[in-house]
Amino acid sequence: MSKNEDYDIKIFSPAKAADETEPVVIADEMKRQVISGNIQKAKKLGKDIADSFPQAAEKKELINMAKDCGVDLTRMIKDQAIILSVFTAEYCIDRSMPSILSTTATSMLYDTLIEDSPDLYNNLLSSTAFSFYYMNLKSNKVSSEDIGVTFSMLCGDKNSSALRCYGQTVFEHSFEEYKNSVEAVDFAD
């Protein structure tokens, strides 16, 4: 037998065509979103939302909502309202955008908070509020009434109808605001 014979070389052919694996599908979708400009738009959306948080406690809307609900704003209640606003932004982005874009926007939101508002970010890290809010999820949705109850509990008075009203109102108002922000972005199909 000569060295040039290839009788021992085997050519394998798969029994069936290889299915596209999830990493390949994700990579293809990511490439499509980058090329379309959607990733940059999602990053800008996340940054814009994050930029709104530091002044959120001083916004007249939040102060007026508190007054309308009969809540005397303390620093702790303001902090809880901001935490609820951040949760609402994350929740809204996650429900309103495709997975890759929502992950991108949320990552930029937190990257911006880390850089521009480290105290707020550290407050979020040390808070258990997100866990409590996410426990309200039922069928991948959350009710504003449940959020209000959780908010009042986190503010130290779970029986306060005024705090429940304020938490519910902050959630509903914030959700509408973030939903409008997402819808205002001209994402390519």
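The coordinates are above.
Residues numbered from 1 in each chain as written. Predicted model: local features only at pLDDT ≥ 70, side-chain atom pairs only at ≥ 80, totals over all residues. Heavy atoms only, no water.

(A) Examining the overall build of the protein chain more closely. In terms of helices and strands, the protein chain carries nine helices and zero strands. Out of the 189 residues belonging to the protein chain, those deemed buried represent 38%. For the protein chain, restricting intrachain contacts to residue pairs at least 6 apart in sequence, the fraction spanning at least 24 positions comes to 69%. Accessible surface computed for the protein chain: about 11,400 Å², of which carbon and sulfur atoms make up 53%. (Helix = DSSP H or I, 4+ residues; strand = E, 2+ residues; numbered from the N terminus. Buried < 20%, exposed > 50% of the residue type's maximum accessible area, 1.4 Å probe, protein only. Contact = heavy atoms within 4.5 Å. Areas by Shrake-Rupley, 256 points an atom, 1.4 Å probe, with all protein chains shown as cover.)

(B) Structural context of the nonpolar core. Residues Phe-53, Met-97, Leu-109, Leu-113, Phe-151 and Tyr-166 are the most contacted members of the largest nonpolar core, which totals 48 residues. Sorting the residues of this core by element identifies α2 (38-52), α3 (60-69), α4 (75-96), α5 (99-116), α6 (118-126), α7 (129-134), α8 (144-154) and α9 (161-184) as the ones contributing at least two each. The biggest single contributor to this core is α4, with eleven residues. In this structure Leu-109 touches Gly-46, Ile-49, Ala-50, Phe-53, Val-86, Ala-89 and Ile-93, once residues within four positions along its chain are discounted. (Core = buried A, V, L, I, M, F, W, Y, C linked by side-chain atoms within 4.5 Å.)

(C) How the structure looks around the environment of Val-142. Along the polypeptide, Val-142 turns up in the loop between α7 and α8. For the pair formed by Val-142 and Tyr-91, sequence separation is 51 residues and the distance between their alpha carbons is 9.1 Å. With near-sequence residues (within four places) excluded, Val-142 lies in contact with Tyr-91, Tyr-133, Asn-136, Leu-137, Ile-147 and Phe-171.

(D) Representation of the packing of aromatic side chains within the structure. Per the counting criterion, the structure on display carries nine aromatic pairs. Between Tyr-91 and Phe-171, the ring centres sit 6.0 Å apart and the planes meet at 50°, which makes this aromatic pair tilted. Here the residue Tyr-91 occupies a position in helix α4, and Phe-171 occupies one in helix α9, the gap between them amounting to 80 residues. Considered together, Tyr-91 and Phe-171 belong to a single accessibility category, that of buried residues. The interplanar angle of 75° and the centroid separation of 5.7 Å between the aromatic rings of Phe-151 and Tyr-166 together place this pair among those described as edge-to-face. Taken together, the positions of Phe-151 in helix α8 and Tyr-166 in helix α9 put the pair 15 residues apart, joining distant regions of the chain. (Phe/Tyr/Trp six-rings, centres within 6.5 Å; stacked < 30°, edge-to-face > 60°.)

(E) Quick look at α4. With 22 residues, α4 extends 31 Å between its outermost C-alpha atoms, agreeing within 8% with the 32 Å of an ideal straight helix rising 1.5 Å per residue. Across the 22 residues that make up α4, a large majority, 16, are buried. (Expected span 1.5 Å × (residues − 1).)

(F) Region of interest: the environment of Thr-103. Structurally, Thr-103 is set in helix α5. Separated by 61 residues in sequence, Thr-103 and Ala-42 place their C-alpha atoms 8.8 Å apart. In terms of polar contacts, Thr-103 uses its side chain to reach the backbone carbonyl oxygen of Ser-99, at 2.9 Å. (Polar contact = N/O pair within 3.5 Å; in protein donor to acceptor, adjacent residues only side chain to side chain.)

(G) Broad picture of the state of the cysteines. Tallied over the entire structure, the rule returns one disulfide. Each sulfur in the disulfide pair Cys-69 and Cys-165 lies 2.2 Å from the other. Judged by the sign of its S-S torsion, about -60°, the cystine formed by Cys-69 and Cys-165 is left-handed. Here the residue Cys-69 occupies a position in helix α3, and Cys-165 occupies one in helix α9, the gap between them amounting to 96 residues. Overall, the relative accessible area of 11% leaves Cys-69 in the buried class. You can call Cys-165 partly exposed: its relative accessible area is 29%. (Disulfide = S-S within 2.5 Å.)

The quantities given are spatial measurements derived from coordinates; they are silent on function.
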